[in-house]
Amino acid sequence: MNHLWNRSLATQLIAFTLAALIISQALTFLISWKEHSKALDAAAKSEFLSRARTLTRLVETVPPEYQKQALLASETRDSRFWVTDREAEDPAAWRLTAAAEFSRPLENFVDLVRIFQDGSAKTQIPDAKRVAASNAGEGWRVPMQSLWALPQPIKYVYFDGSRGYGLVIKVDDRTWLNAAFYMRQTGGWWTSTSLASLSLTALILALLGVFFASRISRPLRYLATSAEALGRGENLPPLSEEGPEEVRRTAEAFNKMQGRLHRFLEDRTKMLAAIGHDLRTPLTTLRLRTEFVQDQEIQRKMLSTIDELQGMTEAAISFARGESTEEETRDIDLEALVGSICDDQSDLGKPVCFVEGVKMTYRCRPDGLRRAVRNLVENAVRYGGEARVFIRHTAATIDIVVEDRGPGIPDLMKEKVFTPFFRLEASRNRDTGGIGLGLSIARAAARQHGGDISFLTGDGGMQAVLSLPRDGRVETPAVPKGRDWKSLRGSIGLRAPNLAEKCVPACKFDPLGGVIGVQF
């Protein structure tokens, strides 16, 4: 649930909207329901009191044999009227009589609810004994004369709290009019109608919330996709600067940031290219002057130093250019790319073996990725004697693994080896130790694609793992095993004949499809 809440802006917007709806409805109910109930109760009792005055006058004028019929015709669902020949003295006994009067059905009332719904009659007072025992200790009261406004004496009593209201009116010395009013407990505010209305309102608000949340989150999704692509080194067109002010300003800020990054990389590349160009002249001058040195040994050492300076300069320029974003990002066959690098090394006589896997299309900058993999393979051959390469798929990354049988890299040095011009090999011999930019260039290329390089040292050798994010994977339909490697000449490289066939039988495969180990 927490994952869904944090994942979707629409979920949060809908939840807040529905919470606001429920809270507002509840507050409205709490504020208005009590006043509404009081108003209904006052109106009903006012109507009952007016009816009692009318019936008092009627009983005075109607002959005794017609009084009962007149009272029955005047009764309602919430009121009962009857005549006695003596005054009620005991309030509890009168409440019991009133409850009994409410239990009899009305002769002039058509209960449509009973007819069209469940067909069963509902008693106005379900528990007569409880009603009769209610308001114990309360006696008769006399209302204000302004409320009654008739000369006949009157008294009243409450029952069942204040929901029931009884009147005893002395019409003459032989006739007392009894009137009882009782409003049955109605259904709660949460009726089926109110729940249906609330559900319909919530549904409409939810649909509107989804619509507006999608309009709000769509530019954010575009921004996240563009930021991820920019992190992988892709050249992107500017985002559309439209919509609400906040969204427009965010897109404008992203476009400015992207432009500044590109200008910074271009300026740095141009600066290093200019430095390299300017350094070539003094280096050439030094080389010419070295020719006039008579001592052959000193001349040889000077030329070696000049060659090393020139090589470092060219490598630094190549490193800077490798980090630039001028190369176009495109879809390539990652298996073919890595396999062609291994083929090139094998053609040069180096012990490099590539283990084929599942064909996969990946979106990247091929030249930069090729340079990184080639540097890892060359390091494995130089320090481990041989290299075995395969592609491993994990839940979050696509790993290009280069295995060797070398001594590995000490744990304290696994980060230092990525420092430009840092070499584990103690000598300054370029043939054995290189210049010290290979791993720096490889990591720069990996990080431009949103990945990284790490080293795993075991008993039998070391693994250099170039991890790439799965976001760059391009989903394509499954194709049969096998490729035409010759069609990839020129852009990817050449395929050494039968190399994969020699490697595959010696490999161990994970049941999930990844290579977990290689044996010679």
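Residues numbered from 1 in each chain as written. Predicted model: local features only at pLDDT ≥ 70, side-chain atom pairs only at ≥ 80, totals over all residues. Heavy atoms only, no water.

Trainee: Lay out the overall build of the protein in plain terms, naming residues and giving numbers.
Mentor: Tallying secondary structure elements over the protein gives 15 helices and 14 strands in all. In the protein, the share of contacts with a sequence separation of at least 24, taken over all contacts with a separation of at least 6, comes to 65%. Carbon and sulfur atoms make up 58% of the accessible area of the protein, which amounts to about 30,300 Å² in all. (Helix = DSSP H or I, 4+ residues; strand = E, 2+ residues; numbered from the N terminus. Contact = heavy atoms within 4.5 Å. Areas by Shrake-Rupley, 256 points an atom, 1.4 Å probe, with all protein chains shown as cover.)

Trainee: How would you summarise the sheet that holds strand 10 (residues 452–458) if you had to cite specific residues and measurements?
Mentor: Judged by pairing direction, the sheet is mixed, and its five strands sit side by side in the order 6-8-9-11-10 without closing on themselves. Strand pairing shows two members of the sheet lacking a second neighbour, strand 6 (352–354) and strand 10, which therefore form its edges. Looking at each pair of strands side by side, their axes are set apart by 20° on average, direction ignored. Across the sheet, helix 12 (residues 366–384) touches strand 6, strand 8 (387–393), strand 9 (397–404), strand 10 and strand 11 (461–469), and the angle it forms with strand 9 is around 25°. The sheet strands contacting helix 14 (residues 438–448) are strand 10 and strand 11, and the helix crosses strand 10 at an angle near 125°. (Pairing = 2+ DSSP bridges. Axes fitted to C-alpha atoms, helices over the stretch in contact; angles between N-to-C directions.)

Trainee: Would you mind going over the sheet that holds strand 1 (residues 79–84) in detail, with residue names and values included?
Mentor: Read across the open sheet, the four strands follow the order 1-4-3-2; overall the sheet is antiparallel. A strand with exactly one partner marks an edge of an open sheet, and here the two such strands are strand 1 and strand 2 (154–159). Each adjacent strand pair in this sheet contributes to an overall mean axis angle of 15°, direction not counted. Sheet topology note: the strand 1/strand 4 (residues 175–182) ladder contains six bridges and is antiparallel.

Trainee: Go over the nonpolar core, please, and point to the residues and values.
Mentor: By size, the foremost hydrophobic cluster in this structure holds 37 residues, and its most contacted members are Leu334, Ile400, Phe455 and Leu466. In terms of residue count, the dominant contributor to this core is helix 12 (seven residues). Residues within four places of Leu334 in sequence aside, it is in contact with Met360, Tyr362, Leu369, Ile391, Ile398 and Ile400. (Core = buried A, V, L, I, M, F, W, Y, C linked by side-chain atoms within 4.5 Å. Buried < 20%, exposed > 50% of the residue type's maximum accessible area, 1.4 Å probe, protein only.)

Trainee: Can you tell me about the packing of helix 12 against helix 14, naming the residues and giving the values?
Mentor: The contact between helix 12 and helix 14 brings their axes to 8 Å, and the two run at 140°. One finds that helix 12 runs oblique with respect to helix 14. Judged by the twist between their axes, the crossing of helix 12 over helix 14 is left-handed. The segment helix 12 lies against helix 14, with Gly368, Arg371, Ala372, Asn375, Leu376 and Asn379 engaging Gly438, Leu439, Ile441, Ala442 and Ala445. Looking at the contact of helix 12 with helix 14 residue by residue, the class counts come to six nonpolar, four polar and one charged. (Parallel < 35°, antiparallel > 145°, perpendicular 65-115°, else oblique. Left-handed = near helix turned anticlockwise from the far one by under 90°. Nonpolar A, V, L, I, M, F, W, Y, C, P; charged D, E, K, R; others polar.)

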